[in-house]
Amino acid sequence: MPDDPTPSPQVTLWQTAARWVIAALAAGVLGIAIWASIPRNLDLPWTSIRLAPAFALAKRLPLYSTPEQPPWVMVGYGPLYPVGYLPAVLAEHPISAVTVATLLVHLYVLAPAALLCSAFTRRLKRDNSGQ
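Presented here is a report on the structure given in the accompanying data block. Not measured: the values here are computed from a predicted model.

What counts and how
- Residues numbered from 1 in each chain as written.
- Predicted model: local features only at pLDDT ≥ 70, side-chain atom pairs only at ≥ 80, totals over all residues.
- Heavy atoms only, no water.
- Helix = DSSP H or I, 4+ residues; strand = E, 2+ residues; numbered from the N terminus.
- Expected span 1.5 Å × (residues − 1).
- Bend = angle between axes of the 7 residues up to and from the residue.
- Buried < 20%, exposed > 50% of the residue type's maximum accessible area, 1.4 Å probe, protein only.
- Core = buried A, V, L, I, M, F, W, Y, C linked by side-chain atoms within 4.5 Å.
- Salt bridge = Lys/Arg side-chain N within 4 Å of Asp/Glu carboxyl O.
- Axes fitted to C-alpha atoms, helices over the stretch in contact; angles between N-to-C directions.
- Parallel < 35°, antiparallel > 145°, perpendicular 65-115°, else oblique.
- Contact = heavy atoms within 4.5 Å.
- Nonpolar A, V, L, I, M, F, W, Y, C, P; charged D, E, K, R; others polar.
- Phe/Tyr/Trp six-rings, centres within 6.5 Å; stacked < 30°, edge-to-face > 60°.
- Polar contact = N/O pair within 3.5 Å; in protein donor to acceptor, adjacent residues only side chain to side chain.

### Quick notes on helix 2 (residues 45-58)
An ideal rise of 1.5 Å per residue puts 20 Å on 14 residues; helix 2 measures up with 21 Å between its terminal C-alpha atoms. Within helix 2, the axis deviates most sharply at Ala52, by approximately 30°, and proline Pro53 lies no more than four positions further along. Taken residue by residue, helix 2 has Thr47, Leu51, Pro53, Ala54 and Ala56 as its buried positions. Downstream of helix 2 by a residue or two, Arg60 has a phi angle that is positive, lying close to 60°.

### Overview of the nonpolar core
Counting eight residues, the largest nonpolar core is built from Leu51, Ala54, Tyr81, Tyr85, Ala88, Val89, Val98 and Ala101. Sorting the residues of this core by element identifies helix 2, helix 4 (86-89) and helix 5 (94-129) as the ones contributing at least two each.

### Structural notes on helix 5
Taking 1.5 Å of rise per residue, 36 residues should cover 52 Å, and helix 5 covers 52 Å from first to last C-alpha, within 8% of that figure. Where helix 5 bends most, the angle comes to about 25°, and this point is Leu110, followed within four residues by the proline Pro112. Among all positions of helix 5, only Ala97, Val98, Ala101, Thr102, Leu104 and His106 are buried.

### Describing the pattern of salt bridges
By the definition in use, this model includes one salt bridge. Across the pair Arg123 and Asp127 runs a salt bridge whose closest N-O atoms are separated by 4.0 Å. Here Asp127 and Arg123 lie together in helix 5, a separation of four residues that amounts to about one turn. On the accessibility criterion, Asp127 (45% relative accessible area) is partly exposed.

### Things to note about the packing of helix 2 against helix 5
The geometry of a pair of packed helices is captured by two quantities: the angle between their axes and the separation between those axes. Interhelical geometry of helix 2 versus helix 5 gives an angle of 90° and a closest axis separation of 11 Å. As summarised for this structure, helix 2 and helix 5 are arranged roughly perpendicular, according to the angle between their axes. Listed contacts from helix 5 to Thr47, Leu51 and Phe55 of helix 2 are Ala97, Val98 and Ala101. Partitioned by chemical class, the residues of the contact of helix 2 with helix 5 number five nonpolar, one polar and no charged.

### Let's talk about the packing of aromatic side chains
Applying the stated criterion across every chain yields a total of one aromatic pair. With 6.1 Å between their ring centres and 90° between their planes, Tyr81 and Tyr85 make a pair best called edge-to-face. An identical accessibility class is assigned to Tyr81 and Tyr85; each is buried.

### Comments concerning the side chain of His106
Structurally, His106 is set in helix 5. On the basis of relative accessibility, which here comes to 17%, the residue His106 falls in the buried class. Polar contacts involving the side chain of His106 include one to the main-chain carbonyl oxygen of Thr102, which spans 2.9 Å. Residues in contact with His106, not counting those within four places in the same chain, are Leu30, Ala33, Ile34, Ser37 and Ala111.

### Some remarks on the side chain of Thr102
Along the chain, the position of Thr102 falls in helix 5. Exposure remark for Thr102: the relative accessible area of 2% places this residue in the buried category. In this structure Thr102 touches Ile34, Ser37, Ile38 and Asn41, once residues within four positions along its chain are discounted.

Shown next, in the form of structure tokens:
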């Protein structure tokens, strides 16, 4: 039947295989990016400056200056980023803390992008199906 809207199983199999291949390649690229970022982040002096407020927050030190006390760290980020790096505080070694922070940064950047791509894909599928 030429008007039958159901796709052939072979096309669906190829589409599924292509999706798995693309997902595997994306995971490989992400792994390489994280693997390359960790040593680079260990050498950057800004890494310790970015992580210091999270460690200060964990030790209940003030993050911002008060009238009686000058600021101990000068960073231009908002008040939420020390909370975002709090999982890095649980690391027992500085290399582990930087590794956790690198993983968190990749998560914080790529997760919203993935959610947006997923939402746009669903919307495109819905628009193409005519619903």
